[in-house]
Amino acid sequence: MTVYFIGAGPGAADLITVRGARTLASCQVCLYAGSLVPVELLEQCPPGARLVDTARLNLDEITAELLTAHGAGQDVARLHSGDPSVFSAVAEQMRRLDAAGVPYEVVPGVPAFAAAAAALKRELTVPTVGQTVILTRIAQQATPMPEGEDLATLGRSGALLVLHLAARYVDRVVAELLPHYGADCPVAVVAMASRPDELVLRGTLAEIAEQVRAAGVIRTAVIMVGRTLGAEQFPDSHLYSARRDRSCQLP
């Protein structure tokens, strides 16, 4: 028996990976976050599979479901939105499975920031403009951020910031980043990325908060702040440059 932590993708049911869909179709038990994972994905579960919505369960209750399935010799698909490697709360589940001696594997998925970039039709790393992307959040009504990872500190880098779980606190985000990015810095907010009700807001750091409030965006959104979002004049990448020395490339 194995627990499979599967990245369900950012929202659209067809953005789950082929491996994720195949694994889901082979598991007798599926635990999923009903508020985030598209119900269409559950249609890929095998007939008679036990489906458990974890939206209202705490960690102890979720662990109990996993251990019960383990005792019954049943494989479990643990569906998480986006990709399990960031802001998924899988680390504490893995820790408990390790303690219980329950095997598990991870199937990566499409992260929300990638779906947001696709909606914006933007590459987040642009030659000479920005080559660093910081994925972060803020500590409002959540686990405190580690020392040195507050917005003011991260903002000093000037790198593209991608903030999860922060749309409700956009005024605070703007206030903390204005001194480092400037009022004219491009900003985008993408809510429900890849879903039918996807919403894209574009503007500057000075005006984005008003747009977010007017649109009523408070959850399931990412905020992107950085110069690469508005970059138009930049050199072509060295990767495909005609001037690049390709003599050392492998055949």
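For the structure itself, look to the data block above.
Read on for a plain summary of the structure. (Residues numbered from 1 in each chain as written. Predicted model: local features only at pLDDT ≥ 70, side-chain atom pairs only at ≥ 80, totals over all residues. Heavy atoms only, no water.)

### Considerations on the sheet that holds strand β4 (residues 76–80)
Pairing within the open sheet is parallel, and its five strands lie in the order β3-β2-β4-β1-β5. Every interior strand has two partners, whereas the edge strands, β3 (50–53) and β5 (104–107), have only one. Each neighbouring strand pair of the sheet contributes to a mean axis angle of 20°, computed without reference to strand direction. In the sheet, strand β1 (residues 3–7) pairs with β4 via five bridges, with the strands oriented parallel. Bridge pairing in β4 places Tyr4 opposite Ala77. (Pairing = 2+ DSSP bridges. Helix = DSSP H or I, 4+ residues; strand = E, 2+ residues; numbered from the N terminus. Axes fitted to C-alpha atoms, helices over the stretch in contact; angles between N-to-C directions.)

### Some remarks on helix α7 (residues 208–215)
Within α7, the full set of buried residues consists of Ile208, Ala209 and Val212. Looking down the long axis of α7, one finds its buried residues gathered within 100° of arc, a one-sided arrangement. In α7, the exposed residues that point more than 90 degrees away from the buried face are Glu210 and Ala214. (Buried < 20%, exposed > 50% of the residue type's maximum accessible area, 1.4 Å probe, protein only. Arc of directions from axis to C-beta.)

### Quick word on the packing of helix α2 (residues 59–71) against helix α3 (residues 91–100)
Between α2 and α3, whose axes approach to 11 Å, the crossing angle comes to 45°. Taken as axis vectors, α2 and α3 run oblique relative to one another. As for how α2 packs across α3, the hand of that crossing is right-handed. Of the residues in α3, those touching α2 at Leu59, Asp60, Ile62, Thr63, Leu66 and Leu67 are Glu92, Gln93, Arg96, Leu97 and Ala100. The residue inventory of the contact of α2 with α3, partitioned by class, reads six nonpolar, two polar and three charged. (Parallel < 35°, antiparallel > 145°, perpendicular 65-115°, else oblique. Left-handed = near helix turned anticlockwise from the far one by under 90°. Contact = heavy atoms within 4.5 Å. Nonpolar A, V, L, I, M, F, W, Y, C, P; charged D, E, K, R; others polar.)

### Overview of the sheet that holds strand β6 (residues 133–136)
On the basis of which strands lie adjacent, the open sheet formed by five strands has the order β6-β7-β10-β8-β9 and mixed pairing. Each end of this open sheet is capped by a strand with a single partner; those strands are β6 and β9 (199–204). Across the sheet, the axes of successive neighbouring strands diverge by a mean angle of 15°, strand direction being ignored. Seen against the sheet, helix α4 (residues 112–120) touches β6, β7 (160–164), β8 (186–191), β9 and β10 (221–225) and runs at an angle of roughly 65° to β10.

### Quick notes on unusual backbone geometry
Here Ala89, not a glycine, exhibits a phi torsion of approximately 60°, which is positive. Its place among the elements puts Ala89 in the loop between β4 and α3. We note that Lys121 has phi near 55°; this positive angle belongs to a residue other than glycine. Examined against the element boundaries, Lys121 turns out to sit in the loop between α4 and β6.

### Topic: the packing of helix α6 (residues 170–181) against α7
Pairs of packed helices are described in terms of their axes, by the angle between the two and the distance that separates them. Between α6 and α7, whose axes approach to 9 Å, the crossing angle comes to 175°. In terms of orientation, α6 and α7 fall into the roughly antiparallel class. Between α6, through Val170, Asp171 and Val174, and α7, the contact on the second element is made entirely by Ile208, Ala209, Val212 and Arg213. Along the lines of polarity and charge, the residues of the contact of α6 with α7 split into five nonpolar, no polar and two charged.

### Brief notes about the pattern of salt bridges
Applying the stated criterion across every chain, the model contains six salt bridges. Residues Asp60 and Arg96 are paired through a salt bridge, measuring 2.3 Å at the closest nitrogen-oxygen approach. A residue pair is termed long-range when its members are at least 10 positions apart, and Asp60 in helix α2 and Arg96 in helix α3 qualify at 36 residues. Here Asp171 ties to Arg213 by a salt bridge, and the two come within 2.6 Å at their closest N and O atoms. Linking Asp171 in helix α6 with Arg213 in helix α7, this pair joins segments that are 42 residues apart in sequence. (Salt bridge = Lys/Arg side-chain N within 4 Å of Asp/Glu carboxyl O.)

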